[in-house]
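Structure assessment
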Amino acid sequence: MADKPDIRTVLKRLEQQSPTGFAIAFHIKFTTPEFLFQTYPKAWIDIYSEGGYVMQDPTVSWGFANEGSRRWSDMAAEDSAGILEQCKAFDMNYGVTVALERGGSRSLASFTRSDREFSDAECAALQADLTALHDMTLGNGGMDDRLRDDLHDLSVQMTHPGPPT
């Protein structure tokens, strides 16, 4: 079982690979993840939440129905609500969604950048890191309550960062 510093290391690497943000939902039951990490701009998170976009988001639909990775540019035809186009106002011009199901649990994530498409090698690296995090946080893997609480706290900190200290 990996400990929190290992998880933080992988999350930090994902932040570096996704300069304009990411959203990772681990161990989704129905539509609710056990852990949710988001580094998208707060204004976008607010718009997305207030608009109830999760039900119309082509990345989420794809992630529930598939495994592997898919670039956002390949989902444009499925984006009837224009969510991916709205992302561009926040410099999230290019994205890739990664989804997997292991150990009876599904996790999915989207990663963004402003400057170019993610390469095939980058998509593979993101998928490997998501798989590692999925396995590290899988509840039936013996995660103790303290680590679970620490991960929930880290999730809140990443998604709703306070002012710099």
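Thoughts on the overall build of the chain
If you tally the helices and strands in the chain, you get 6 helices and 5 strands. Its helices and strands in sequence order give the chain the pattern α-β-β-α-α-β-α-β-β-α-α, from N to C terminus. Every one of the 165 residues in the chain was classed for burial, and the buried ones make up 44%. Taking the contacts inside the chain whose residues are at least 6 apart along the sequence as the reference set, 65% of them involve residues at least 24 apart. Just so you have it, the chain exposes about 8400 Å², and 52% of that area is on carbon and sulfur atoms.

Re the pattern of salt bridges
Summed over all chains, the structure comprises 11 salt bridges. Glutamate 78 is the partner of arginine 70 in a salt bridge, and the nearest nitrogen-oxygen pair spans 2.8 Å. Relative accessible area serves as the criterion here: at 41%, glutamate 78 is assigned to the partly exposed category. Sharing partners across several salt bridges, the network here consists of Arg113, Asp115, Arg116 and Glu122.

Things to note about the nonpolar core
The biggest cluster of nonpolar side chains holds 20 residues, and the ones touching the most others in it are Leu14, Ile24, Phe111 and Leu133. Of all elements in the fold, only helix H1 (4-17), strand S1 (21-29), strand S2 (32-38), strand S4 (94-102), strand S5 (105-113) and helix H5 (120-137) reach the threshold of two or more residues within this core. With 5 residues, the single largest contributor to this core is H5. Apart from the residues within four sequence positions on either side, isoleucine 24 is in contact with Leu11, Leu14, Phe35, Leu36, Phe37, Leu108, Ala109, Phe111 and Leu130. In this structure, Trp44, Tyr53, Trp62 and Leu84 belong to the second largest nonpolar core, which totals 18 residues.

Some remarks on H5
The terminal C-alpha atoms of H5, which comprises 18 residues, lie 26 Å apart, in line with the 26 Å expected from a rise of 1.5 Å per residue. Restricting attention to buried positions, one finds in H5 the residues Cys123, Leu126, Asp129, Leu130, Thr131, Leu133, His134, Met136 and Thr137.

Some words on the sheet that holds S1
The strand order across the open sheet built from 5 strands is S2-S1-S5-S4-S3, with neighbouring strands paired in antiparallel fashion. What marks the edges here is a single partner per strand, and that holds for S2 and strand S3 (68-71). Going from strand to strand, the sheet's axes swing by 15° on average, the running direction of each strand aside. Examined bridge by bridge, S1 and S2 share 6 bridges and lie antiparallel to one another. Paired with alanine 25 across the two strands is leucine 36, which belongs to S2. Sheet strands touched by helix H3 (residues 58-65): S1, S3, S4 and S5. Its angle to S5, the strand with the most contacts, is close to 145°. Seen against the sheet, H5 touches S1, S2, S3, S4 and S5 and runs at an angle of roughly 40° to S4.

Overview of the packing of aromatic side chains
In the structure shown here, the tally under the stated rule is 6 aromatic pairs. Here tyrosine 48 and tyrosine 53 contribute two aromatic rings whose centre-to-centre distance is 5.7 Å and whose plane-to-plane angle is 80°, an arrangement assigned as edge-to-face. Accessibility expressed as a relative area gives 17% for tyrosine 48, which makes it buried. What makes tyrosine 53 buried here is its relative accessible area of 15%. What links up through ring pairs into an aromatic cluster is the set Trp44, Tyr48, Tyr53 and Phe90.

About the cut-offs
- The residue numbering used here restarts from 1 in each chain and proceeds along that chain's sequence as written.
- Residue-level local features of this predicted model are given only where pLDDT is at least 70; pairs of side-chain atoms are given and counted only at 80 or more, and the full residue set underlies all totals for whole chains, interfaces and linings.
- By convention in this description, side-chain values take in all heavy atoms of the structure and omit both hydrogens and water.
- Each helix corresponds to a stretch of at least 4 residues labelled H or I by DSSP, and each strand to a stretch of at least 2 residues labelled E; elements are numbered beginning at the N terminus.
- Whether a residue is buried, partly exposed or exposed follows from its accessible area with a 1.4 Å probe, protein chains only, as a fraction of its type maximum: under 20%, in between, or over 50%, in that order.
- Should any heavy atoms of two residues lie within 4.5 Å, those residues are considered in contact.
- Method for areas: the Shrake-Rupley scheme with a 1.4 Å probe, in which residue coverage is limited to the protein chains shown.
- One side-chain nitrogen of Lys or Arg within 4 Å of one carboxyl oxygen of Asp or Glu is enough to make a salt bridge.
- Think of a nonpolar core as a cluster: buried Ala, Val, Leu, Ile, Met, Phe, Trp, Tyr and Cys residues, connected wherever their side-chain atoms sit within 4.5 Å.
- Every helix has an expected span of 1.5 Å times one less than the residues it contains.
- Paired strands, in this sense, are two strands between which DSSP finds at least two bridges.
- What counts as an axis is a line fitted to C-alpha atoms, over the stretch in contact for a helix, and the angles between N-to-C directions run from 0 to 180 degrees.
- To pair, rings of Phe, Tyr and Trp, with the six-membered ring standing in for Trp, must have centres within 6.5 Å; the planes then decide the type, stacked if under 30 degrees apart, edge-to-face if over 60, and tilted in the middle.

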